[in-house]
Amino acid sequence: MTERLRFSPSPSGGLHMGGARTALFDWLVARRARGSFLLRIEDTDRTRSTAAAEAAILADLSWLGLDWDEGPDIGGPHAPYRQSERAELYERTLLELRAAGATYPCFCPPELLERQRAEDEAARRPPRYRGTCRVLSAREARGRIEAGEAAAWRFAVPEGRTVEWVDGVHGRIAFAAADIGDFLLVRSDGRALYDLACVSDDAAMRVTLVLRGDDHVPNTPRQLLLYEALGRTPPAFAHLPLVIGADGAPLSKSAGDGGIGELRGAGYLPEAVIDHLARLGWSDPLDRPALTRDELLATFELARISPAPPRHDPSRLRALNVLHLRALPPSRLAAAIRPHLPPLPGWFDLGAFAEAVRGELEVASDARDQAERLVSPPPADEEARRALAQERGAHAVRDARDVVAAASPFEGEAAFRALRERLAGEDARRALPAVRAALTGRVHGLPLPVVFSLLGKGRSLERLTRAAAAAGIDSPRDGNG
């Protein structure tokens, strides 16, 4: 049987680290099996779902390179791929369950259910429906519905049963029927709830493996009972331990450090994020320092997923990003940093700049500050002003101006060597920072030969001349110093 896996995000916020890890593992299993990867949007929560969040999730998945074979944007044989557009299917499923005698109407008002839930929580019991409406006769229930009384629909969990399955991550898991309780399928306003919608969709879309977070473990026995009542073969299930943050709490859309959109904006590479996500609970059999997508595809197996919650370590992600950044070919590196740079003038050599800063970057956005200093240097900070105010610093700026003016042809490394010769016998280590300050507004930054090369002769000479004039040293130094 061809493997079919789906990723089903709720568009109530952006894609976070845990959701992205689930999508990656779904994608890896599907691609390794030469199966299908489906994207289904679970937007039945009308109050929280937004089109903007859906668009952001699709954009983040695309940025990560997790392409899908069927989905809301490209369609497919089981369209539509938004649950809000599949109400007719859920109505048919409910009718099947009613015909099978597996469900019953519930007339309990919300305030009663809320009070019972509060009582359970106060007694430290798992909230369970009391079964009030299960004992109603079919005649009484029908009469109340015909009289216009609003009714929700619940699944009648068989008594005395144990529901179990062999989980792809955790092994055998079992639930007693008494611990499940008669759960809601459809609200009184006709809206299908998660378990009914999920089973209806997975069955219709022929999903063979449901790979999702541990928070869905309690849903699985309910869904297995629904498959049984409908007479359909359930998919296999594998539940991933939730990704936790430094505080030990699970990451989520509203808490934790790990929104994919934020990482993208900060200048992380998608291949580094993918590498980091894969290591959240999965172990590389070859223990490689960095992994490409192709290497992951060649080695990923569900059997190597640990049942223990993995911890998201931002410093580990940053270290992986450094490895991937430094491995990029020149054109890819330039493309990676370009979105994070200020508007660039025509004279700016992006390729040369990218190579110059390659070893300085941890994330692509780190390049912005260096680029700004070259394109439009900020006013000198206090450290730069002190360097320029010192006599040896001011003289070094004047000498640099003279060297640059005399250079023909101009070449950054050669100009720097000539300046070092000109400063022979002086404390160049303390004088040269003033030259960099004159050129970029800061005493620290790229090596001076690189700065000379990137600015070129005209811009270097202009900035050095302006700094020398500001220091009150306009005339060239004579041979006696």
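Preceding block: the structure.
Quick summary incoming for the structure in this document. Source: prediction; values computed, not measured.

**As for the nonpolar core**
Right, so step 1: If you look at the biggest cluster of nonpolar residues, it comprises 47 residues, and the most contacted ones within it are Ile 337, Phe 353, Val 435 and Leu 464.
Right, so step 2: Taken together, the elements giving at least two residues each to this core come down to α12 (330-337), α13 (350-357), α14 (367-375), α15 (382-389), α16 (391-406), α17 (412-422), α18 (428-440) and α19 (448-470).
Right, so step 3: Setting aside chain neighbours within four positions, we find Val 435 in contact with Ala 396, Val 397, Ala 400, Leu 419, Leu 448, Phe 452 and Leu 464.
Right, so step 4: Counting 45 residues, the second largest nonpolar core, distinct from the first, contains Ile 41, Leu 58, Val 169 and Ile 274.

**Brief notes about the pairing of strand β4 (residues 152-155)**
Right, so step 1: A two-sided burial pattern is seen for β4, the buried positions comprising Ala 152 and Arg 154 on one face and Trp 153 and Phe 155 on the other.
Right, so step 2: For strand β3 (residues 103-106) and β4, the ladder comprises four bridges, and the chain directions are antiparallel. Looking across to β4, one finds that Pro 105 is bridged to Trp 153.
Right, so step 3: Bridge count for β4 against strand β7 (residues 184-186) is two bridges, and the pairing is antiparallel. Residue pairing for β7: Trp 153 is matched across the bridge by Val 186.

**Thoughts on the pattern of salt bridges**
Right, so step 1: The tally for this structure, following the rule as stated, stands at 37 salt bridges.
Right, so step 2: The partner of Arg 288 in a salt bridge is Asp 284, with the nearest N and O atoms 2.9 Å apart.
Right, so step 3: For Arg 288, a relative accessible area of 18% gives the class buried.
Right, so step 4: Each member of the salt-bridge network shares a partner with another, and the members are Arg 6, Arg 40, Glu 42, Arg 86, Asp 201 and Asp 202.

**Thoughts on the layout of surface pockets**
Right, so step 1: Approximately 1200 Å³ is the volume attributed to the largest pocket.
Right, so step 2: Lining the largest pocket are 43 residues, with Ser 10, Glu 42, Tyr 194, Asp 215 and His 216 positioned closest to its centre.
Right, so step 3: Those elements that provide at least two residues to the lining of the largest pocket are β1 (4-7), α1 (17-32), α6 (194-204), β8 (209-213) and α7 (219-230).
Right, so step 4: No other element matches α1, which puts five residues into the lining of the largest pocket.
Right, so step 5: In terms of residue class, the lining of the largest pocket is made up of 15 nonpolar, 15 polar and 13 charged.
Right, so step 6: Of the pockets and cavities examined, the second largest pocket occupies roughly 680 Å³.
Right, so step 7: Lining the second largest pocket are 26 residues, with Leu 113, Arg 117, Tyr 129, Arg 154 and Leu 184 positioned closest to its centre.

Reading the values: rules and limits
- Residues numbered from 1 in each chain as written.
- Predicted model: local features only at pLDDT ≥ 70, side-chain atom pairs only at ≥ 80, totals over all residues.
- Heavy atoms only, no water.
- Core = buried A, V, L, I, M, F, W, Y, C linked by side-chain atoms within 4.5 Å.
- Buried < 20%, exposed > 50% of the residue type's maximum accessible area, 1.4 Å probe, protein only.
- Helix = DSSP H or I, 4+ residues; strand = E, 2+ residues; numbered from the N terminus.
- Contact = heavy atoms within 4.5 Å.
- Pairing = 2+ DSSP bridges.
- Salt bridge = Lys/Arg side-chain N within 4 Å of Asp/Glu carboxyl O.
- 1 Å grid on protein atoms, 1.4 Å probe; cavity = no way out; pocket = protein on both sides within 12 Å on 5 of 7 lines; lining within 4 Å.
- Points joined across faces, edges and corners; volume = space filled by probe spheres on them.
- Nonpolar A, V, L, I, M, F, W, Y, C, P; charged D, E, K, R; others polar.

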